[in-house]
Each structure stands twice: as structure tokens, then as C-alpha cells.
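# Per-entry structural report
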Amino acid sequence: MSCLPTADKLRDLNERYLAFSEISPSLEEAQGYPPPFHFSAKDNLCAKGFQARAGSRILEGYRPPFDATPVAKLRAAGGVLLGKTNMDEFGFGTFCTNSGYGIPRNPFDLERACGGSSGGAAAAACMLDGHIALGVSTGGSISCPASFCGVFGLTPTYGRISRYGLIDYGNSLDKVGLLVRRSEDLRRFLPIISGADPKDPTSCAQPPLRLERKSIRTVAVPKQALQNLSPEVEEGFEHALGRLEEQGVEIMQVDMPSLRFALSAYYVLATSEASTNLARYCGMRFGVRGGSISQHYNDFFTEVRSEHFGREAKRRILLGTYARMVGYRDRYYMKALSVRQLVISEYQNVFGRSDLVLTPTMPFVAPRFSEIEKMRPLEAYQADFLTVPPNLAGLPHLSLPCGYADALPMGMQFVAPHWEEGRLLDMAESWSKGFQFRFPEVCR
Amino acid sequence: MDVDTVRNVARIARLRLSPEEERQFAQDLEEVLAYMAVLDEAPSGGEHDFNPVPVHDVLREDVEARDVDADGLRDSMDIYQDLVRGPRLS
């Protein structure tokens, strides 16, 4: 049984780390009985009794009258919802530095980022033993923070977990997943939150989870994933490959040439979908009310959006709107859809020869905030080159801690065929045997 | 992407940008689009779908049901004589 922190303790902790954007006011009552487990929901998942702001000022005060399906399922299983976790605005970020509600701090080092966009979820999973953090990934938003905060981050197949009650970023890409400290919690909680939900048609085509245990024999490493790594990640990854071989896993290097198109295709699709999804935040059905309603609706909508969207949200709306405009649609949007199929086919080809595909999760360990400030937007986007391909392809993937450099964790990311989450759980468990996990003692 | 294009796209997206934002976004997006030119080298005309996995069609006949509490929703809106108030249409 995990320890449940008191509300005071949690608030104290949160003043330093800002992992939560909102904490349950009634935690003390929840202490009255020992709940089977405690969990959190990323702030883009709706939960009764909490605001759902998706890290955006434009949703300040929005209180959904219902639970997102995965939240409802965890509550029904007896879990206590501690609060909502901080995130990049609508999921737009690699470092969790684009939130309208403060920037979460890495539990390993206060001067460093948690990773985005589920940064608060990763920090919560890292700090609180036994905590189950619901995250969401569009292009790597579970893997990246899991890597920077030294926890497991499982992103299931697109459609495995209902998206009902999720505030959309990119509908063809969004996936709800889990961030936890221990591999056994993945096996316990994935079946609870998975399954067909008539309220989300994309969840209704799924085959059942196959969780019978099998050992992983072969893992493929694309040579394209071994470029542009920092020296410490390169060394840590080499060491991890050695450890896998000692465990009897055969490592093979493969060529996946389509990966060089994946990042561009992803940013075209993600921003195209985001720019249409964000059209609803205009101060009428959704979004804070802005200026006078005696204005013309165009001016009224424009005022609300211009004042309350953050900088990265505006940047992505512009990019996505541009990519869908007449004259550019074939060059960007339609091309990106073709590339997605190409990437899926290439993975399928590799899965004919190996059980899983493996890469480092991120090309570097958690960067300092001072380093992030100097990055241009394209440089930040390029940092996603390892997490984007499985997300674009809707393939299940798992980031797990594979080593530490100067006391900072780094992750490696396994990718499985569609619907084969079981292989990832098998890998997580065999890797965990004898691995010395480290967690900062911030919550005693 | 030049400043005029940024201004035009922003207008379509219902965003009003400051001159500083226009300059900055033009510079940022010019660099991003130059990088995305790699897509020109990707094979085109291949198969595509709008989702990465097949999605079931769940269309069905309408069924009367109460999903969320209408009063609760109404109370969170700007209401005048039981109608939702909005900006001028003309």
C-alpha cells in the first residue's frame, strides 16, 4: 500500500515543484479511510469537482460537469483523485514551460524542466510513491517527461483508452496513458482504464488486451535513432543495450529511412488538427468571456483569443491554419497523411523480424530552464525526433528509466505493434529485475 | 513566411497580433517551414487514412437521453431571460 500524503504536505510540496495545477480541497476526508490507491489527472482530462483548464488561461474557471472515462474508471476502482496536474498549454510543448499556471520543477533538480507536456504528471509520479498519474500523449508528451523524471511512461495504442472527456489537441494522435514508478502498476491499471467506450468511436475497434506473459527475444534499434544524441545519452543507451544482451535479448540494428519525414509530418498533422480544435475557444461555448458583447462577433472572438492564448498556442494555430489553406493543403496536410502510412508500414516490416523497436527516449537529459530559454521553436520541436514516430503511427510505446548521468535520469523507449501493449509490460518487468531505480527524497 | 502572410493567416484564425509578434512568428515559422520542405522528398500519392488504426463507424438511430444537466450548463453561461447572450452578428 502506498502512503497517501496529507493535504498540507501535498500543498507544501507543490509550492516548490508546481506539479499540480489544482489540489483536491477534500483530501483530508479521503484520509478518513485508506483508499486502495491515489491518482491524478492531467489538466486536459475532465474531472467533476475540478477545473479543466488544459494549462490555458482561456479555460480559467471552466468546471466540466462530468468525468473523463479514464478518470471515472479509476474512481470506480476505489482511487482517490488528488488533483489535476500541470501541463503545457493544450499539450503544446516539449519541456512543460508553456503552462499558464506556473512551470513545474524537476524533482531531481529544481533548476531543470520536467519535460512536456505531461510534466506535472511525471513529477507527481516521481515524488509520490505508489501514485498513478494519468497523462496524455499527442507526439511524445508521456515518454518525454517520463524520461526526464525517471519514471515509467506508457502510451497505449491509439484508441485503446477512451478519449471521452479529454480536451482535444490532435484527434488522430491523442492518447491517454499512465506515468508510474513501478512496472507492476502498469499491469494493474492498464486493464482498468482500457476498453471500448461508445462515447469515443475510436475506442470501439480495439481487440482485447493480451497480457499473458512472454519473454522478449529480439529488439530492433533503428540506426536513424542513434544520431544527434548527447554524449551522456549515447553512453547510457549503449550501456542499456549491453544489459539487455546480458538478459538474453538479441539486439539488431535496422534501417528505417521514412523516420526522417516523421517529425515534419507530425507537426503538420498535429498543428492542423489543433488549429481546428482550438476554434471553439472564442468566448461563447468555451473560453473565458472577454470584452463587451456589443461588439461584432468577429471582434469579440478575436479579442478573447488574442488576449488569452499563450505564445506557443498562437504559433501552432498559425502553422496549422497555414498548412490547411488552399494551395498548401496537398503539399503539407495530404503529404503528411501519406507519410504516416509509410511510417506505419515500415514499423510493420520491422515487427516481422523483431518483437519491439528500441531507441533512447530523448536525445538529452532534463535541460536547465536557462538552456530552454535560448532554444528557438524549431530546436524545441526537433528534440521530439525520437518520441514522434510511434505517436504519429499510433503505436503503443513505453519509456522506462535506463540509467543516470550526474544523478539525472534518462529513458529508453520501446515500441510495440498496434494493440500489443502486453509486450511492453513484459519488457518493463524483465528490465526492472535488478535495476537500481533512484528517486529523489522530496516527499518523506 | 513573411509578415504579410502571418497577418493574413492570423486574421483567418481570429488572432490579433502585435507588430512584435508578427515579426517573431514570421521568423519562427519561416524556419519551421524550411525544415518541413523535407516532405517534398517523401513519396506522395500513397494510401492514406485520417486515423492511424481502423475506426469503427458507430452511427446509430437517435435515442432520447439526458447526458449532462442542462440547468448546470445554463448557469455557467451569460444568460438573459433564459437565453444565452452573445455578441452582435451584424
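Analysis parameters
- Residues numbered from 1 in each chain as written.
- Chains lettered and ligands numbered in written order.
- Predicted model: local features only at pLDDT ≥ 70, side-chain atom pairs only at ≥ 80, totals over all residues.
- Helix = DSSP H or I, 4+ residues; strand = E, 2+ residues; numbered from the N terminus.
- Buried ≥ 20, exposed ≤ 12 C-beta atoms within 10 Å, placed from the backbone.
- Contact = placed C-beta atoms within 7 Å.
- Axes fitted to C-alpha atoms, helices over the stretch in contact; angles between N-to-C directions.
- Parallel < 35°, antiparallel > 145°, perpendicular 65-115°, else oblique.
- Nonpolar A, V, L, I, M, F, W, Y, C, P; charged D, E, K, R; others polar.
- Expected span 1.5 Å × (residues − 1).
- pLDDT = per-residue confidence, 0-100.
- Domains from an automatic or database assignment.
- Pairing = 2+ DSSP bridges.

## Regarding the overall build of chain B
- Looking only at helices and strands, chain B has 3 helices and 2 strands in total.
- When the helices and strands of chain B are placed in sequence order, the string is α-α-α-β-β.
- Here chain B holds 90 residues, and 14% of them are scored as buried.

## Some words on the environment of phenylalanine 286 of chain A
Residue and element names in this part refer to chain A.
- Secondary-structure assignment places phenylalanine 286 in the loop between α8 (259–277) and α9 (297–308).
- With 15 C-beta atoms packed within 10 Å, phenylalanine 286 lands in the partly exposed category.
- Taking the C-alpha atoms as reference points, phenylalanine 286 and arginine 112, 174 residues apart in sequence, are found 33 Å from one another.
- Apart from the residues within four sequence positions on either side, phenylalanine 286 is in contact with Arg280 and Tyr281.

## Topic: the packing of helix α10 (residues 311–323) of chain A against helix α1 (residues 3–12) of chain B
- Interaxial distance between α10 of chain A and α1 of chain B falls to 9 Å at its minimum, and their mutual angle equals 90°. With respect to each other, α10 of chain A and α1 of chain B are oriented roughly perpendicular. Contacts between α10 of chain A and α1 of chain B involve Leu318, Thr321 and Tyr322 of chain A on the former and, on the latter, Val6, Val9, Ala10 and Ile12 of chain B.
- Here the contact of α10 of chain A with α1 of chain B is built from residues that sort into 6 nonpolar, 1 polar and no charged.

## Remarks on the interface of chain B and chain A
- Contacts between the two partners involve 41 residues from chain B and, on the opposite side, 54 residues from chain A.
- Contributions of two or more residues to the side of chain B that touches chain A are made by α1, α2 (19–36) and α3 (70–75) of chain B.
- The element that contributes the greatest number of residues to the side of chain B that touches chain A is α2 of chain B, accounting for 7 residues.
- Residue composition of the side of chain B that touches chain A, grouped by class: 25 nonpolar, 7 polar and 9 charged.

## Section: helix α15 (residues 421–432) of chain A
All names here are of chain A.
- Across its 12 residues, α15 extends 17 Å between first and last C-alpha, which sits within 8% of the 16 Å expected from 1.5 Å per residue.
- Taken together, the buried positions of α15 are Glu421, Arg423, Leu424, Leu425, Asp426, Met427, Ala428 and Trp431.
- Next to the buried residues of α15 lie β7 (152–155), α6 (183–193), β11 (356–360), β12 (397–405) and β13 (408–415).
- Where α15 terminates, the next one or two residues include glycine 434, which has phi positive at roughly 85°.

## Points about the confidence of the model for chain B
- Residues of chain B with pLDDT of at least 70 account for 100%, and the chain-wide mean is 89.
- The complex prediction reports pTM at 0.96, with the ipTM value standing at 0.93.

## Observations regarding the domain arrangement of chain A
All names here are of chain A.
- As assigned here, chain A comprises domain 1 (7–253 + 354–432) and domain 2 (259–339).
- On a C-alpha basis, the centres of domain 1 and domain 2 stand 25 Å from each other.
- Counting only elements with at least two residues in the side of domain 1 that touches domain 2, the list comes to α13 (377–382) and α14 (388–392).
- Considering every element that reaches the side of domain 1 that touches domain 2, the biggest residue donor is α14, with 4 residues.
- Counted by class, the side of domain 1 that touches domain 2 contains 13 nonpolar, 13 polar and 5 charged residues.

## Description of the sheet that holds β12 of chain A
Residue and element names in this part refer to chain A.
- With respect to topology, 11 strands assemble into an open sheet ordered β1-β3-β2-β6-β8-β7-β12-β13-β11-β9-β10, the strand pairing being mixed. The open sheet has two free edges, formed respectively by β1 (20–23) and β10 (250–254), since each of these has just one partner strand. Across the sheet, the mean angle from the axis of one strand to that of its neighbour is 30°, orientation sign disregarded.
- Judged from the 2 bridges that link them, strand β9 (residues 218–222) and β11 form a sheet pairing that is parallel. Along β11, the bridge assignment pairs valine 219 with leucine 356.

## Examining the pairing of β9 of chain A
Residues and elements named next belong to chain A.
- Burial analysis of β9 places 4 of its 5 residues in the buried class, the great majority of the element.
- Of the strand pairs in this sheet, β9 and β10 are connected by 5 bridges, and their pairing is parallel. Residue alanine 220 lies in a different strand from β10, and its bridge partner there is methionine 252.

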